[in-house]
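# Understanding the architecture of this molecule
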Amino acid sequence: MELRDIRNPVFRGSGIEILKNNGELLILIRYPFGDKDFILLKSKEEFFSFLENRNEKESITLLRSFHAILRGVVDEDFVAKLMEKAVGLKPLQWVSIGKPKDVGDLDNWGFIGDINELQEQLEDAFGRDICILEEPDWFDEELVFHAYVPDKDGIVRLGAY
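First, a word on scope: everything that follows refers to the structure included in this document. Per-chain numbering applies: the sequence of each chain, read as written, is numbered from 1 onward. For this predicted model, a pLDDT threshold of at least 70 governs which residues receive local features, and a threshold of 80 or more governs which side-chain atom pairs are given and counted, while totals over whole chains, interfaces and linings are taken from all residues. Derived side-chain values reflect all non-hydrogen atoms in the structure, with water molecules and hydrogen atoms excluded from consideration.

## With respect to the packing of helix α1 (residues 9-22) against helix α2 (residues 44-52)
A fitted line through C-alpha atoms represents every axis, and for helices the fit uses only the stretch in contact; the resulting angles, taken between N-to-C directions, go from 0 to 180 degrees. The secondary structure listing takes helices from DSSP runs of H or I that are at least 4 residues long and strands from runs of E that are at least 2 residues long, numbered from the N terminus. Packing of α1 against α2 leaves a shortest axis separation of 10 Å and a crossing angle of 145°. The interaxial crossing formed by α1 with α2 has right-handed handedness. Facing F11, R12, G15, I16 and L19 of α1, the residues of α2 in contact are K44, F47, F48, L51 and E52. Taken together, the residues of the contact of α1 with α2 break down into six nonpolar, one polar and three charged. Working rule for handedness: look at the near helix, and if it is turned counterclockwise from the far one by less than a right angle, call the crossing left-handed; if clockwise, right-handed. Contacts: residue pairs with any heavy atoms within 4.5 Å of one another. Gly is put with the polar residues, along with every residue not named as nonpolar or charged; the nonpolar set is Ala, Val, Leu, Ile, Met, Phe, Trp, Tyr, Cys and Pro, and the charged set is Asp, Glu, Lys and Arg.

## Quick notes on the sheet that holds strand β5 (residues 94-98)
The strand order across the open sheet built from four strands is β4-β7-β5-β6, with neighbouring strands paired in antiparallel fashion. Sheet topology places β4 (68-73) and β6 (109-112) at the edges, where each strand pairs with a single neighbour. In this sheet, neighbouring strand axes are inclined to one another by 15° on average, regardless of whether the strands run parallel or antiparallel. Here β5 runs beside strand β7 (residues 129-134); their pairing, made up of five bridges, is antiparallel. Bridge pairing links I97 to C131 in β7. Together, β4, β5 and β7 form the strand contacts of helix α3 (residues 76-86), whose direction differs from that of β4 by roughly 170°. Strands β5, β6 and β7 of the sheet are contacted by helix α4 (residues 115-124), whose axis makes an angle of about 155° with β6. Any two strands with at least two DSSP bridges between them are considered paired.

## Notes on unusual backbone geometry
Cis rather than trans, the peptide bond between K90 and P91 has omega equal to -10°. With respect to the helices and strands, P91 occurs in the loop between α3 and β5. With a phi close to 75°, F33 is a non-glycine residue in the positive phi region. On the secondary structure map, F33 appears in the loop between β1 (25-30) and β2 (36-41). The buried label applies to any residue whose accessible area, calculated with a 1.4 Å probe on protein chains only, is under 20% of its type's maximum; exposed applies above 50%, and partly exposed to all values in between. In this structure F33 comes out as exposed when scored by relative accessible area, which is 77%. The phi dihedral of K57 falls on the positive side, at around 75°, and the residue is not glycine. In this structure, K57 sits in the loop between α2 and β3 (59-63).

## As for the packing of aromatic side chains
The geometry of an aromatic ring pair is captured by the separation of the ring centres together with the interplanar angle, meaning the angle of the planes. Each aromatic pair joins two rings of Phe, Tyr and Trp (for Trp, the six-membered one) with centres within 6.5 Å, and gets the label stacked for planes under 30 degrees apart, edge-to-face for over 60, and tilted for any other angle. In total, this model carries three aromatic pairs according to the counting rule given. Geometrically, the ring pair formed by F38 and W109 is edge-to-face, given 5.1 Å between the ring centres and 75° between the ring planes. One end of the pair, F38, is in strand β2; the other, W109, is in strand β6, and 71 residues separate them in sequence. Given a relative accessible area of 0%, F38 falls into the buried group. Residue classification places W109 among the partly exposed positions, given a relative accessible area of 21%.

## Some details on α4
The set of residues buried in α4 consists of L118, Q121 and L122. Down the axis of α4, the sector holding all buried residues measures 100°, keeping them to one side. Those residues of α4 that are exposed and angled more than 90 degrees off the buried face are N116, E120, E123 and D124. Where α4 is buried, its residues meet α3, β5, β6 and β7. Throughout, the arc means that of the directions going from the helix axis to the C-beta atoms.

## Re the packing of α3 against α4
α4 packs onto α3 with a crossing angle of 165° between their chain directions and a minimal axis gap of 11 Å. Considered as vectors, α3 and α4 are oriented roughly antiparallel to each other. Note on packing geometry: the crossing formed by α3 with α4 is right-handed. The residues of α4 that touch α3, namely those facing F78, V79, L82, M83 and A86, are I115, L118, Q119 and L122. Across the contact of α3 with α4, the residue classes tally to eight nonpolar, one polar and no charged. For classification purposes, an angle smaller than 35 degrees is called roughly parallel, one larger than 145 roughly antiparallel, one from 65 to 115 roughly perpendicular, and anything else oblique.

Here is the structure:
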C-alpha cells in the first residue's frame, strides 16, 4: 500500500499520534468536484469509524495542529468575545466547526470571511457548542498528512478536487 491510501498504517498511525498530542484531530475532507468539509474528532474510535465510512475518491487531510480562536457554547458572552477578536481583521479567514450529531454528519462547519458571515454563523449556531479557528494551511506539507479513499477494487484513483 502507498502512503496516499487511507488504509495505510502510517497514515492511520499519524492520526492516532495527533490525537495523543493534541487531544483532538482536525480533518479536511475534499470531495470530487470541489466540495469540502472540516470535522474535529476526539478519539481513536471516532477516527477509525470516520475512515470506515468514507466514499471512494475522497481526499482526507489530517492537520498536525491548528489555532483555535474561541470555543464554547454560543451565547451573548461568546458572541461579544468573538466580535472583539474580529474587529479590524480583514479578511477574517476563520472556520466555524460545530459538533456533529454522529460520525456521518459533516454538515457542521462554515467558512467565515467577514463580519457579516461571522454574525450569520453565530446566529445559526446560537445555543450550540462550536469551535472557531483560523483557516488552516492545508497545502503546507509540513503541517498535514494527505491520503485518498481507494475505489471499490482497492486502487487509489484521484478525483477532480
